[in-house]
Amino acid sequence: MLVVKNISFRYDKTRVVDNISFKVKKGQVVAIIGESGSGKSTILKLIYGEKDLEEGRVSWCNKKILGPKDKLIAGHEFMKHVTQEFDLMPFTTAAENIGSHLSNFNPEKKKKRISTLLNIVGLSDCANTKVLRLSGGQKQRVAIAKGLAAKPEVLLLDEPFSHIDSYKKRTLRRGLFDYLKSNQISCVIASHDKNDVLSFADYVAVVEEGKIIAAGTPEDLYKDPVLPKIAAFFSDFSFINGKIYYTNQIKIVPNSKQKAIVSKNYFNGKDYIVEAEFESQTILITSSKPIKKNETINIRFDK
Ligand code: ADP
Ligand code: MG
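Below, the structure is looked at part by part. Being a predicted model, the structure only gives us computed values, none of them experimental. (Residues numbered from 1 in each chain as written. Chains lettered and ligands numbered in written order. Predicted model: local features only at pLDDT ≥ 70, side-chain atom pairs only at ≥ 80, totals over all residues. Heavy atoms only, no water.)

As enumerated under the stated definition, the model contains 13 salt bridges in all. When the shortest N-O distance is used, the salt bridge between E159 and K40 registers 3.8 Å. Within this pair, whereas E159 is found in the loop between β7 (154–158) and α5 (166–182), its partner K40 is found in helix α1 (residues 40–48), the two being separated by 119 residues in sequence. Judged on exposure class, the residue E159 and its partner K40 are both buried. (Salt bridge = Lys/Arg side-chain N within 4 Å of Asp/Glu carboxyl O. Helix = DSSP H or I, 4+ residues; strand = E, 2+ residues; numbered from the N terminus. Buried < 20%, exposed > 50% of the residue type's maximum accessible area, 1.4 Å probe, protein only.)

Dropping the structure here:
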């Protein structure tokens, strides 16, 4: 188990990580979500031991992970960190980058492993392309494959799909998390994309200004978002009389005392989001069809 216990850190005067704790069991995925600048990347760096903690402790299987002050050689066998900077060698090929953590003892085995990894990240066609010539998304795939190469027990992923086109992202995401589960690799993923989290995380910690402001399973956080900003992570919502309603929790009904006037429609793929004015507040409602502007609709709040 990876145990993060009461860790804090500051770059200068202000704390950017403030008393963070969570645990990751073998094979579990924990997501750290939060706005840009909330401290996600710093938390991953602290777990990796890239920086010295101001307070607290990080351990894997009861062994303390040391910071640079106490650890002479950077890096770990059991843990890999896929950073937002990718950390690749630009003048060597995708395959060579992926293989750089692998032993040369058995070249055939190494070749096979690289080809498996290229396949997992959907990059088989680029095996012999120099990293320098790859797109941002392709580089990101190489970085993920390189992180997996030496079969780590813990994988830290920092916004791992941020540069990847959305139509490739879904396949990659499923393939990667399947691979992690079937190989029982523990994972901490930093993200601001709900799609990285909803289907794949076992536990989610929402951070703001270095603190965890909410945590739980994706279902728990979705169903009871506690704060509007947590609801906003998952979906559009309306905040009426202190309550959060997702767009599908306001129903358009034949009759109701509660009336709203339609102002806009947004096509959403499978349905429409209707924007309407209700008691001088703007609300958003899921609708199977668009509704004319200025039409009065009957609504029911339905949690
Ligand atoms: P996130 O990954 O959530 O965007 P970061 O962990 O990168 O957030 O940053 C958290 C805070 O720490 C931000 O306010 C950021 O400006 C600050 N910060 C990050 N890196 C440094 C650094 N090397 N020196 C000083 N401040 C930094
Ligand atoms: Mg970051």
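From this point, things continue past the structure.
Here we come to the site of ligand 1. Close to ligand 1 lie Y11, V16, E35, S36, G37, S38, G39, K40, S41 and T42, which account for all nearby residues. Interatomic distance of 3.4 Å between a side-chain N/O atom of Y11 and a nitrogen atom of ligand 1. Within the side chain of K40, an N or O atom sits 2.9 Å from an oxygen atom of ligand 1. For ligand 1, whose free accessible area comes to 560 Å², the fraction covered by protein is 58%. Split into classes, the residues belonging to the shell around ligand 1 amount to two nonpolar, six polar and two charged. (Near = heavy atom within 4 Å. Polar contact = N/O pair within 3.5 Å; in protein donor to acceptor, adjacent residues only side chain to side chain. Areas by Shrake-Rupley, 256 points an atom, 1.4 Å probe, with all protein chains shown as cover. Nonpolar A, V, L, I, M, F, W, Y, C, P; charged D, E, K, R; others polar.)

Most of strand β8 (residues 186–191) sits inside the fold, with six of its six residues counted as buried. By the alternation rule, side chains of β8 split into S186, V188 and A190 and C187, I189 and S191, which are all buried. Once the chain exits β7 it traverses α5 before rejoining the sheet at β8, and the crossover so formed is right-handed. (Right-handed = clockwise from strand over helix to strand, strands pointing away.)

Bringing the coordination of the magnesium ion (ligand 2) into the picture now. The magnesium ion (ligand 2) binds to the protein through S41 (OG) and Q84 (OE1), with metal-donor distances spanning 2.0 to 2.4 Å. Taken as a pair, S41 in helix α1 and Q84 in the loop between β6 (79–82) and α2 (94–99) lie far apart in primary sequence, 43 residues in all. The buried category is assigned to S41, whose relative accessible area is 19%. A residue is classified by how much of its surface remains accessible, and Q84, at 36% relative accessible area, is partly exposed. (Donors = N, O, S within 2.8 Å, 3.2 Å for Na, K, Ca; no water.)

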